[in-house]
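The chain contents come next:
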Amino acid sequence: MQIKADNLTYKYMKNTPFEKEALKGFNITIPEGRFTSVIGHTGSGKSTFIQHLNGLLKPSSGTVAVGDWTIRADTKQKHLYELRRHASIVFQFPEHQLFHETVLSDVAYGPVNFGLSKLEAEKRAKEYLELAGIHPDMFDRSPFDLSGGQMRRVAIAGVLALNPKLLILDEPTAGLDPEGQVKMMELFYDWFQEKKERSIILVTHQMEDAARYSDEIVLMDKGTVKDQGRPHQVFSKAGELKAMGLSVPESVKLLSMLREQSGEDMSTAAFTLEETVDQVLEFLRKRGVSDRV
Amino acid sequence: MFDNVIIGQYVPKESVIHKMDPRSKLIIVLLFIIFLFLTRHPFILGMAVILTFTAFSRSKIPFGYFIKGMRFIAIIIFFTFLLHLFMTREGTVLVEWPLLTVYSGGVMEGSLIALRLFLLILMASLLTLTTTPIDLTDGMERLMKPLKKVNVPTHELALMMSIALRFIPTLLGETAKIVKAQMARGANFSEGSLWKRLKALIPVLIPLFVQSFKRAEDLAIAMEARGYNGGEGRTKFRQLKWKPLDTGALSLFIAFAVLTVIFRFLE
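Since the model is a prediction, treat every value here as computed from it, not as a measurement.

K.L.:
Explain the overall build of chain A to me, please; I cannot follow it from the model alone.
P.N.:
Assigned secondary structure in chain A consists of eleven helices and ten strands. The C-alpha radius of gyration computed for chain A amounts to 21 Å, which stays within 12% of the reference 19 Å derived for 293 residues, consistent with globular compactness. Dimensions of chain A along its principal axes, counting C-alpha atoms only, are 65 × 50 × 35 Å. Taking all 293 residues of chain A together, 39% fall into the buried category.

K.L.:
Please clarify how the overall build of chain B should be interpreted in this entry.
P.N.:
Helix and strand counts for chain B come out as eleven helices and two strands. The secondary structure elements of chain B, listed N-terminal to C-terminal, are α-α-α-α-α-β-β-α-α-α-α-α-α. Dimensions of chain B, computed from C-alpha atoms along their principal axes, come out at roughly 70 × 55 × 40 Å. When burial is assessed residue by residue, chain B has 21% of its 267 residues classed as buried.

K.L.:
Whenever I open this one, the confidence of the model for chain B confuses me. Can you help?
P.N.:
Interpretation of this model should avoid reading the predicted coordinates in detail wherever pLDDT is low. All names here are of chain B. Mean pLDDT over chain B stands at 88; residues scoring 70 or higher make up 98%. Least confident of the elements in chain B is strand 1 (residues 93–96), whose mean pLDDT is 81; most confident is helix 2 (residues 22–36), at 94. Interface confidence in the predicted complex, given as ipTM, is 0.85; pTM for the same model is 0.77.

K.L.:
What is the right way to look at the sheet that holds strand 7 (residues 166–170) of chain A in this model?
P.N.:
Pairing between sheet strands relies on hydrogen bonds along the backbone, with the strands arranged either parallel or antiparallel. All names here are of chain A. Across the sheet, which stays open at both edges, the six strands sit in the order 6-7-8-3-9-10 with mixed pairing between neighbours. Taken across any chain shown, the strands that pair with only one partner, and hence form the sheet edges, are strand 6 (87–90) and strand 10 (224–229). Going across the sheet, the axis of each strand differs from the next one's by a mean of 20 degrees, ignoring polarity. Alignment of strand 6 against strand 7, held across four bridges, turns out to be parallel. Across the sheet, V90 pairs through a bridge with L169, a residue of strand 7.

K.L.:
Would you mind showing me how to read the sheet that holds strand 1 (residues 3–12) of chain A here?
P.N.:
All names here are of chain A. Taken together, the four strands give an open sheet; going across it, the order is 2-1-4-5, and neighbouring strands pair in antiparallel fashion. Unpaired on one side and paired on the other, strand 2 (20–30) and strand 5 (69–71) mark the two borders of the sheet. Taken pair by pair, the neighbouring strands of this sheet meet at an average axis angle of 25 degrees, ignoring direction. Sheet analysis places strand 1 next to strand 2, joined by eight bridges and oriented antiparallel.

K.L.:
Looking at this structure, how should I read the interface of chain A and chain B?
P.N.:
The interface of chain A with chain B comprises 25 residues on the first partner and 23 residues on the second. In terms of residue class, the side of chain A that touches chain B is made up of 14 nonpolar, ten polar and one charged.

K.L.:
Help me understand helix 4 (residues 118–131) of chain A, please; the structure alone is not making it clear to me.
P.N.:
Since the α-helix packs 3.6 residues into each turn, any two residues three or four apart lie on the same face. All names here are of chain A. The terminal C-alpha atoms of helix 4 lie 20 Å apart, and with 14 residues this matches the ideal 20 Å at 1.5 Å per residue to within 8%. Residues A121, R124, A125, Y128 and L129 constitute the buried set of helix 4. When helix 4 is viewed along its axis, its buried side chains cluster within an angular range of 135 degrees and face the same direction. Buried residues belonging to helix 4 abut helix 3 (103–113) and helix 5 (148–160). Phi turns positive one or two residues past the end of helix 4, at G133, with a value near 80 degrees.

K.L.:
Honestly, the nonpolar core in this entry has me stumped. Any pointers?
P.N.:
Considering soluble globular proteins, one finds that nonpolar side chains tend to be buried as a cluster. Membership of the largest hydrophobic core comes to 81 residues, with the highest contact counts inside it found for L53, V107, L129, V154, A157, I168 and L169 of chain A. With seven residues, helix 5 of chain A is the single largest residue contributor to this core. Taken domain by domain, this core gets at least three of its residues from each of domain 1 (3–244) and domain 2 (249–293) of chain A. By size, the runner-up hydrophobic cluster in this structure holds 16 residues, among which are M20, A48, A55 and Y65 of chain B.

K.L.:
Would you mind going over helix 2 of chain B with me for this structure?
P.N.:
All names here are of chain B. Given a rise of 1.5 Å per residue, 15 residues ought to cover 21 Å, and the 21 Å separating the end C-alpha atoms of helix 2 matches this to within 8%. The set of residues buried in helix 2 consists of P22, R23, S24, K25, I28, F32, F35 and L36. In this structure, the buried residues of helix 2 make contact with helix 3 (42–58), helix 6 (104–130), helix 7 (133–144) and helix 11 (244–266).

K.L.:
Sorry, what's going on with the environment of T102 of chain A here?
P.N.:
Residue and element names in this part refer to chain A. Of note, T102 is situated in the loop between strand 6 and helix 3. With 15 C-beta atoms packed within 10 Å, T102 lands in the partly exposed category. Counting along the chain gives 42 residues from T102 to F144, while the straight-line C-alpha distance between them is 8.9 Å.

K.L.:
Please clarify how the UniProt feature "domain: ABC transporter" (unreviewed entry) in chain A should be interpreted in this entry.
P.N.:
This chain's UniProt record puts "domain: ABC transporter" (unreviewed entry) on residues 3–247 of chain A. Across residues 3–247 of chain A, the secondary structure splits into 36% helix and 25% strand, with the terminal C-alpha atoms separated by 27 Å.

K.L.:
Which parts of the structure should I look at to understand unusual backbone geometry?
P.N.:
Working note: non-glycine residues mostly have negative phi, and peptide bonds are mostly trans. All names here are of chain A. Positioned with a positive phi, M13 is a non-glycine residue whose angle comes to about 50 degrees. Relative to the assigned elements, M13 resides in the loop between strand 1 and strand 2. A count of 13 C-beta atoms within 10 Å places M13 in the partly exposed class. The backbone of E171 sits at a positive phi, close to 45 degrees, despite the residue not being glycine.

K.L.:
In this structure, what is going on with the domain arrangement of chain A? I would like to understand it.
P.N.:
Often the size quoted for an interface is simply the accessible area lost on bringing the parts together. Residue and element names in this part refer to chain A. Parsing chain A into structural domains produces domain 1 (3–244) and domain 2 (249–293). Domain 1 puts nine residues into the contact, and the matching count from domain 2 is eight residues. Of all the elements in the fold, those that place two or more residues in the side of domain 1 that touches domain 2 are helix 7 (207–213) and helix 8 (231–234). Broken down by element, the side of domain 1 that touches domain 2 gets its largest block of residues, four residues, from helix 7. Classifying every residue of the side of domain 1 that touches domain 2 by side-chain character gives five nonpolar, two polar and two charged.

K.L.:
I would appreciate a short explanation of the environment of L120 of chain B in the present structure.
P.N.:
All names here are of chain B. Position of L120 relative to the elements: it lies in helix 6. Judged by local crowding, L120 falls into the partly exposed class, with 18 C-beta atoms found within 10 Å. With 61 residues separating them in the primary sequence, L120 and S59 have C-alpha atoms 16 Å apart. For L120, the residues in contact, after removing those within four places along its chain, are I33 and L36.

Rules and cut-offs
The residue numbering used here restarts from 1 in each chain and proceeds along that chain's sequence as written. Note on labels: chains are lettered from A, ligands numbered from 1, in written order. Since the coordinates come from a predicted model, pLDDT governs what is reported: local features require at least 70, and pairs of side-chain atoms require 80 or more to be given and counted, while whole-chain, interface and lining totals use all residues. Where helices and strands are cited, they refer to DSSP runs of H or I of at least four residues and of E of at least two residues respectively, numbered from the N terminus. Just to be clear, the radius of gyration here is over C-alpha atoms, and the globule rule we use is 2.2 Å times residues to the power 0.38. Neighbour density around each residue's C-beta defines its exposure: 20 or more other C-beta atoms within 10 Å make it buried, 12 or fewer make it exposed, and counts between make it partly exposed, where C-beta atoms are placed from the backbone. As a per-residue quantity, pLDDT reports the predictor's confidence and falls between 0 and 100. The criterion for strand pairing is that DSSP finds at least two bridges linking the strands in question. Axis lines are fitted to C-alpha atoms, over the contacting stretch for helices. Their N-to-C directions set the angle, which ranges from 0 to 180 degrees. Note on contacts: each residue gets a C-beta atom placed from the backbone, and two residues are in contact if those atoms are within 7 Å. Three classes are used, and their members are as follows: Ala, Val, Leu, Ile, Met, Phe, Trp, Tyr, Cys and Pro are nonpolar, Asp, Glu, Lys and Arg are charged, and the others, Gly among them, are polar. Here the expected span of a helix is defined as 1.5 Å times the quantity of residues minus one. Summarising the geometry, the arc corresponds to the directions from the helix axis toward the C-beta atoms. Nonpolar cores are identified as sets of buried Ala, Val, Leu, Ile, Met, Phe, Trp, Tyr and Cys residues joined via C-beta atoms within 7 Å. In this entry, domain limits derive from an automatic or database-based domain assignment. UniProt positions are given in the numbering used here, feature names are shortened, and annotations may be inferred rather than shown by experiment.

Next up, the structure:
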């Protein structure tokens, strides 16, 4: 689903002494079928922005259009209920939303809400639990008996089972071990690639993830969108990012330093280990040491 | 959704009321509430209204903010008013319907109760709106100190209260977050029968309880790790200071209390 925000403004605790403008009226268009990462410092408005994308928050002024839905300040909840069938959010620490007696019924909760019969919902729940790497032995256990990592995967299966077109992820890998982080991101990426119309919006502090998986990166700062572009464009402005309290991926850091200290004109856009090695090799070849490598 | 809850909320401002000692504020609120319910005299009630509103305006807290937070309480006040309106059978008959008769005494009684409740809540909210939870519990602990002689665990009580107050905003934030997460999974809290709506709350309440127990455990461990072992021999970093302002304000309310008693005997 295409996303189009027009002068999007949001104020927390409107009309109270604690009023705070979290989104300061920006415009943005995110096309359908893309993997988009939203990066920005804590408090830049990332989480507030993404909650508008399935109508959990409504703009204080301005509009957000998601697919065929347009959300304004006075849009009714009933209208937004339909939207949530197609645009789902995985919140930070999604394991905090588990509540059912068994793993299976917790995952089936969402599909049942959106009108599937219990049998169909459980069938779909099983499918996504297995996709998320939960062994069938655990289906009838209480979600509260699982380990933290398993709980996270059950909660994510609960959102994937809604079969959304737009999946919004708010720091889904926070607090996982390195291997768990990679597995989790691969799970989302495989899901994304399965169908052409699927889109992902990922909010993350992991610049490596943003660079590696995204078609496009949206850079937010102080409640507005500062930059939008392909990863190599956004991450070529290391100075600007640093000024906003952000960093570039490690691989970009390495190549930038190499470029700076050697004076060689070379690309710094490499986001995987292979790409980085290729860039270094090319550098060595240019320097005439190719026979030794 | 929970933007307008003001229970336990502290609003930082630079005002006379904010600067008062929590002990004087506590005593004043207690005095005021007791004596407010002892009187029906219009002069005293008028005085109570003036005292309350003066105090509120001096606190620099926007009145609109308070009114918004009163929405739930307004319903309670309204129902109390209705109950008294229909249950009191005194004075002249004003309206006569087949099942309902409204007496003039009912109107009087209902308005009186509504006014009292409103003033009571205004004063009590003013206390929490202008006093940080820490100050509030420090004040209470100090005021309860005499009870320690009869083995009342005053320090522990004060600590429990401060923890409870401290976690109100946290719990509200947590609730809002879980509500959103379940809404994203198709939960619907605003449609259907009452039973359906109550049932829709289960997916919110269970995670909330689970989280609360976890948090309580973490807190206990964190306290023990830092060597907490009760109030024995514990000194205070923040010292409470009784200022002339407090003496003045308290005198004013003692005068109010005395007048209330005098007018009661005059009736």
